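# Overview (structure and organization)
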Amino acid sequence: MSVRKIVEYPAEILEVPCKPVTQFDKKLVKILNDMYDTMIEFDGVGLAAPQIGLDMQAAIVDIDDDNGTIEMMNPEILEVSGEQTGPEGCLSFPNLFGEVSRPLYVKIKAQDRKGKFFTFEAEDFLARAILHEIDHLHGVLFTSKVIRYLDEEELEGLEE
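All of these numbers come straight from a predicted model, not from anything done at the bench. (Residues numbered from 1 in each chain as written. Predicted model: local features only at pLDDT ≥ 70, side-chain atom pairs only at ≥ 80, totals over all residues. Heavy atoms only, no water.)

### A few points about the overall build of the protein
Short version of the rule: Strands are runs of DSSP state E lasting at least two residues, helices are runs of H or I lasting at least four, and both sets are numbered from the N terminus onward. Computation of the radius of gyration draws on C-alpha atoms alone. For the globule rule, the value is 2.2 Å times the number of residues to the power 0.38. Relative accessible area decides the class of each residue, using a 1.4 Å probe on protein chains only: under 20% of the type maximum gives buried, over 50% gives exposed, and in between gives partly exposed. Computed with the Shrake-Rupley method and a 1.4 Å probe, the accessible areas treat only the protein chains shown as cover for residues. The positive count covers Lys and Arg only, the negative count covers Asp and Glu only, and His and the chain ends enter neither. By convention, the charge on Lys lies at NZ, on Arg at CZ, on Asp at CG and on Glu at CD.
Within the protein, the regular secondary structure consists of three helices and eight strands. Along the protein, helices and strands appear, N-terminal first, in the series α-β-β-β-β-β-β-β-α-β-α. The globule rule puts the C-alpha radius of gyration for 160 residues at 15 Å, and the 15 Å found for the protein is close to it. The 160 residues of the protein split such that 42% are buried. For the protein, the accessible surface area stands at approximately 8,700 Å², while carbon and sulfur atoms represent 49% of it. In the protein, the 15 positive side-chain charges and the 32 negative ones have mean positions that sit 12 Å from each other.

### Regarding the sheet that holds strand β5 (residues 93–102)
Condition: Here the rule is simple: two strands pair whenever DSSP picks up at least two bridges between them. In this analysis, axes come from line fits to C-alpha atoms, helices being fitted only over the stretch in contact, and the angle between any two N-to-C directions falls in the range 0 to 180 degrees. Two residues qualify as a contact provided that any one of their heavy atoms is within 4.5 Å of a heavy atom in the partner residue.
A sheet is described by the order of its strands in space; here three strands give the open sequence β4-β5-β8, paired in antiparallel fashion. Unpaired on one side and paired on the other, β4 (84–90) and β8 (146–150) mark the two borders of the sheet. In this sheet, neighbouring strand axes are inclined to one another by 30 degrees on average, regardless of whether the strands run parallel or antiparallel. Examined bridge by bridge, β4 and β5 share seven bridges and lie antiparallel to one another. Considered in β5, the bridge of Gly86 is made with Val100. Sheet contacts for helix α2 (residues 124–137): β4 and β5; angle to β4, the most-contacted strand, approximately 50 degrees.

### Details of the UniProt feature "active site" (unreviewed entry) in the protein
Note the following rule: UniProt positions are given in the numbering used here, feature names are shortened, and annotations may be inferred rather than shown by experiment. We call two N or O atoms a polar contact when they sit within 3.5 Å, provided that within protein one can donate a hydrogen and the other can accept it, with sequence-adjacent residues counted only if both atoms are side-chain atoms.
According to UniProt, the feature "active site" (unreviewed entry) maps to Glu133 in the numbering used here. Relative to the helices and strands, Glu133 is located in helix α2. If we ignore the near neighbours within four places in the chain, the residues touching Glu133 are Gly46, Leu47, Ala48, Gln51, Ala59, Ile60, Val61 and Met72. Within the structure, the side chain of Glu133 is placed 3.5 Å from the backbone nitrogen of Leu47, a separation counted as a polar contact.

### As for a negative patch on the surface
The condition is simple: Patch criteria: residues need more than 30% relative accessible area and no salt bridge. Like-charged residues are merged within 9 Å; nonpolar side chains of Val, Leu, Ile, Met, Phe, Trp and Tyr are merged within 5 Å. Whenever a carboxyl oxygen of Asp or Glu lies within 4 Å of a side-chain nitrogen of Lys or Arg, that contact is scored as a salt bridge.
Together, Glu79, Glu121, Glu123 and Asp124 make up a negatively charged patch on the protein surface. Residue position: Glu121 is located in strand β7 (residues 117–123).

### Quick word on the nonpolar core
Put simply, the test is: In these notes, a set of buried Ala, Val, Leu, Ile, Met, Phe, Trp, Tyr and Cys residues joined through side-chain atoms within 4.5 Å is what counts as a nonpolar core.
Grouped together as the largest cluster of nonpolar side chains are 18 residues, with contacts concentrated most on Met72, Val106, Ile108, Phe120, Ala122, Leu126 and Ile130. Taken together, the elements giving at least two residues each to this core come down to β2 (58–61), β3 (70–81), β6 (105–111), β7 and α2. Ranked by the residues each element gives to this core, the list is headed by α2, at seven residues. Among residues more than four places away in sequence, those in contact with Ile130 are Val61, Ile70, Met72, Val106, Ile108, Phe120 and Ala122. Counting residues in each nonpolar core, the second largest holds 14 residues, with Ile6, Met39, Ala58 and Met73 among its members.

### Quick word on the UniProt feature "binding site: Fe cation" (unreviewed entry) in the protein
Our working definition: Buriedness for pockets is judged along seven lines, at least five of which must meet protein on both sides within 12 Å for an open set on the 1 Å grid over protein atoms alone, while cavities are sets there where a 1.4 Å probe fits but cannot get out, and lining residues have an atom within 4 Å of a point.
According to UniProt, the "binding site: Fe cation" (unreviewed entry) feature falls on Cys90, His132 and His136. Across 47 residues, the annotated set stays spatially compact, with a maximum C-alpha separation of 10.2 Å. Taken from the residues named earlier, the lining of the largest pocket is made up of Cys90, His132 and His136. Examined against the element boundaries, His132 turns out to sit in helix α2. Using a relative accessible area of 7% as the deciding quantity, one classes His132 as buried.

Dropping the structure here:
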């Protein structure tokens, strides 16, 4: 396992829809393990394959809760409801944060590292993180959804 370099905006790969994952093999396992190490190293709560330069529909989310690490290959959004507005950042946009509105609830269908299909439901911050990563797989950046950008003083106030 190793830490990969984070691709930063304006790299073209960040704005292009990714290809579906079709090979569920040892190479994919290594990529997912590297993605986890990279996400932890850079203090993220999610990471999508294009953020490490890979054109594939693979993303992980880990908000340090009881769900552990959620690995999603070829995720599809089945259902959303409600609304929440809150701060978001992105490892591909260092030191940039903004308020974004997203659904409060999401239900997805995806494949795990072995290719097995599963459904998963999430609310609140976990839903936000999952939706943010799925956006990455479609070439959609959080900056296209920002209502307003936040400065450092506002962010410090939110962390307390």
